[in-house]
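# Summary of structural features
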Amino acid sequence: MRLALINGRRVAYEVSGDPAGRPVLIIHGAWGGPSSTLWNGPRLRWHVPTDGLRLIWYDRRCAGLSQYDTGPFTLEDLANDAVDLLDYLNIDQAAIIATSAGGPIGLRLALDHPDRVESLVLLNTGASLMSLTPTAISLHDPFVADRLATVAKRLALLDLFECEGIEAVIAESEEEWRSPPQPPEPDPALSTHRENRQRFLQGISNEELTPLARGALLNMKAQRGVDLCDELSRIRCPVLIIHGDADTTVPVAFGRALAEEIPHGEFTVLNGQGHGLIVNPAAQQLVIQWLRSG
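Summarised in this report is the structure supplied together with it. All values reported here derive from a predicted model rather than from experimental measurement. (Residues numbered from 1 in each chain as written. Predicted model: local features only at pLDDT ≥ 70, side-chain atom pairs only at ≥ 80, totals over all residues. Heavy atoms only, no water.)

## What to know about the overall build of the chain
What counts here: Secondary structure is summarised from DSSP: a helix means a run of H or I of at least four residues, a strand means a run of E of at least two, and numbering begins at the N terminus for each. Each radius of gyration is computed over the set of C-alpha atoms, and the globule rule expresses the reference value as 2.2 Å times the number of residues to the power 0.38. When a residue's accessible area, from a 1.4 Å probe over protein chains only, is under 20% of the maximum for its type it is buried; when over 50% it is exposed; and in between it is partly exposed. A contact between two residues is defined here by any heavy atoms of the two lying within 4.5 Å. Only the protein chains shown count as cover for residues, and all accessible areas are computed by the Shrake-Rupley method using a 1.4 Å probe.
A count of helical and extended segments in the chain gives 9 helices and 8 strands. For 294 residues, the compact-globule estimate of 2.2 N^0.38 gives 19 Å, and the chain sits close to it at 18 Å. Seen through its principal axes, the chain has C-alpha atoms that stretch 50 × 45 × 35 Å. Residues counted as buried form 54% of the 294 residues belonging to the chain. Of the contacts formed within the chain by residues at least 6 apart in sequence, a portion of 79% connects residues at least 24 apart. Total accessible area computed for the chain in this model is approximately 12,600 Å², and 51% of it derives from carbon and sulfur atoms.

## Side note on the nonpolar core
Basically, it comes down to this: Within this scheme, the nonpolar core is defined by two criteria: the residues are buried Ala, Val, Leu, Ile, Met, Phe, Trp, Tyr or Cys, and they are joined through side-chain atoms within 4.5 Å.
L107, L120, L122, W177, L217 and I262 are the most contacted members of the largest nonpolar core, which has 65 residues in total. Setting aside residues no more than four positions away along its own chain, L122 makes contact with A98, G103, L107, V239, L240, I241, I242, L258 and I262. Counting 22 residues, the second-largest nonpolar core is a separate cluster that includes W57, L277, A283 and L291.

## What to know about the packing of helix 4 (residues 142–164) against helix 5 (residues 166–178)
Operational definition: As a rule, the C-alpha atoms of each element are fitted with a line to give its axis, helices using only the stretch in contact, and angles between N-to-C directions run from 0 to 180 degrees. Each residue gets one label: Ala, Val, Leu, Ile, Met, Phe, Trp, Tyr, Cys and Pro are nonpolar, Asp, Glu, Lys and Arg are charged, and the others, such as Gly, are polar.
Between helix 4 and helix 5, whose axes approach to 8 Å, the crossing angle comes to 150°. Along its contact with helix 4, which presents L157, L160, F161 and E164, the element helix 5 presents I166, A168, V169, E172, S173 and W177. Considering only residue class, the contact of helix 4 with helix 5 consists of 7 nonpolar, 1 polar and 2 charged.

## What to know about the environment of P263
Here P263 is to be found in the loop between helix 8 (252–261) and strand 8 (266–270). Taking the C-alpha atoms as reference points, P263 and E208, 55 residues apart in sequence, are found 46 Å from one another. Every residue in contact with P263, bar those within four places of it in the chain, is listed here: L232, S233, I235 and R236.

## Regarding the pairing of strand 3 (residues 22–27)
The following threshold applies: Being paired, for any two strands, means DSSP has found at least two bridges between them.
When you tally the buried positions in strand 3, you get 5 out of 6 residues, the bulk of the element. The sheet contact formed by strand 3 and strand 4 (residues 53–58) spans 6 bridges and is parallel. Across the sheet, residue I26 finds its bridge partner in strand 4, namely W57. Bridge analysis of strand 3 against strand 5 (residues 94–99) gives 4 bridges, and the strand direction is parallel. Of the residues in strand 5, the one forming a bridge with I26 is I97.

## Structural notes on the sheet that holds strand 5
Judged by pairing direction, the sheet is mixed, and its 8 strands sit side by side in the order 1-2-4-3-5-6-7-8 without closing on themselves. Taken across any chain shown, the strands that pair with only one partner, and hence form the sheet edges, are strand 1 (2–6) and strand 8. Averaged over all pairs of adjacent strands, the angle between their axes in this sheet comes to 25°, without regard to strand direction.

## As for the packing of aromatic side chains
Convention followed: By convention, a stacked pair of Phe, Tyr or Trp rings (six-membered ring in the case of Trp) has centres within 6.5 Å and planes under 30 degrees apart, an edge-to-face pair has planes over 60 apart, and any other such pair is tilted. Geometrically, a charge over a ring is one whose NZ (Lys) or CZ (Arg) sits within 6 Å of the ring centre while staying within 35 degrees of the ring normal.
For the coordinates displayed, the defined rule picks out 1 aromatic pair. Aromatic side chains Y13 and Y88 sit 6.3 Å apart centroid to centroid with 75° between the ring planes, which places their arrangement in the edge-to-face category. Of this pair, Y13 sits in strand 2 (residues 9–17) while Y88 is found in helix 2 (residues 75–88), placing the two residues 75 residues apart along the sequence. Above the face of the F73 ring, R61 is positioned so that its terminal group lies 5.1 Å from the ring centre.

As far as function goes, none of this settles anything; it's purely spatial.
Structure representation (structure tokens):
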């Protein structure tokens, strides 16, 4: 993992694959905070050959080892962070892989900085992840109903955060921050890292936990009420959308909505697959094949 000071902000990133290869910037998912900052395992497990590609993975603002803010920022700020990293690495244009909560950032990047995005891969994500009324999504889908119930809980925490501050949030939901949820399909190879993170979180003080929880909430706040569906028709770069039909975190209906709104977007459903496609070998193989064919 490398640390860089970019426009006065600490950014953690790592590079793998062919050093002289075609650049591919990966925008990770989740909301950062405690679940990522104390994670001492590998940030990315790429199982398939990447010959000819240079993979660049970075920790987003308020996530991992990158800088934590104390005040709000926007989805546009997060997209600009990606541009700043490309500038720092002297990369004019890159393929972008955006997964889960990183998806709207990738979409914003393609919309606001089309000259920097060669192509866009969207994995298990959607155009509106922090709204109770996402466009073009059937609210009668039971997976969608479960998703929106989770969103409602997060919005309630944001309301508490905005009205009473981070200390009230910690008092209300401390155990949730100290025990991040397990992924739907946990990788046994990462169990030791997961256990170590759990020990760290159980051992730190509330004072140490507070900036981490605030960081996650600020990332949620940046996407609160955002719905990019009406803008998707402006995307002109090649787009690949991959979703698992057993995804209960971001249901496949969100991927279908992306495919309907993005011109010439290619849509692939992986039968029986859930969330976390960024580390799924079948999804990785599809991504590599698509990138190489472009």
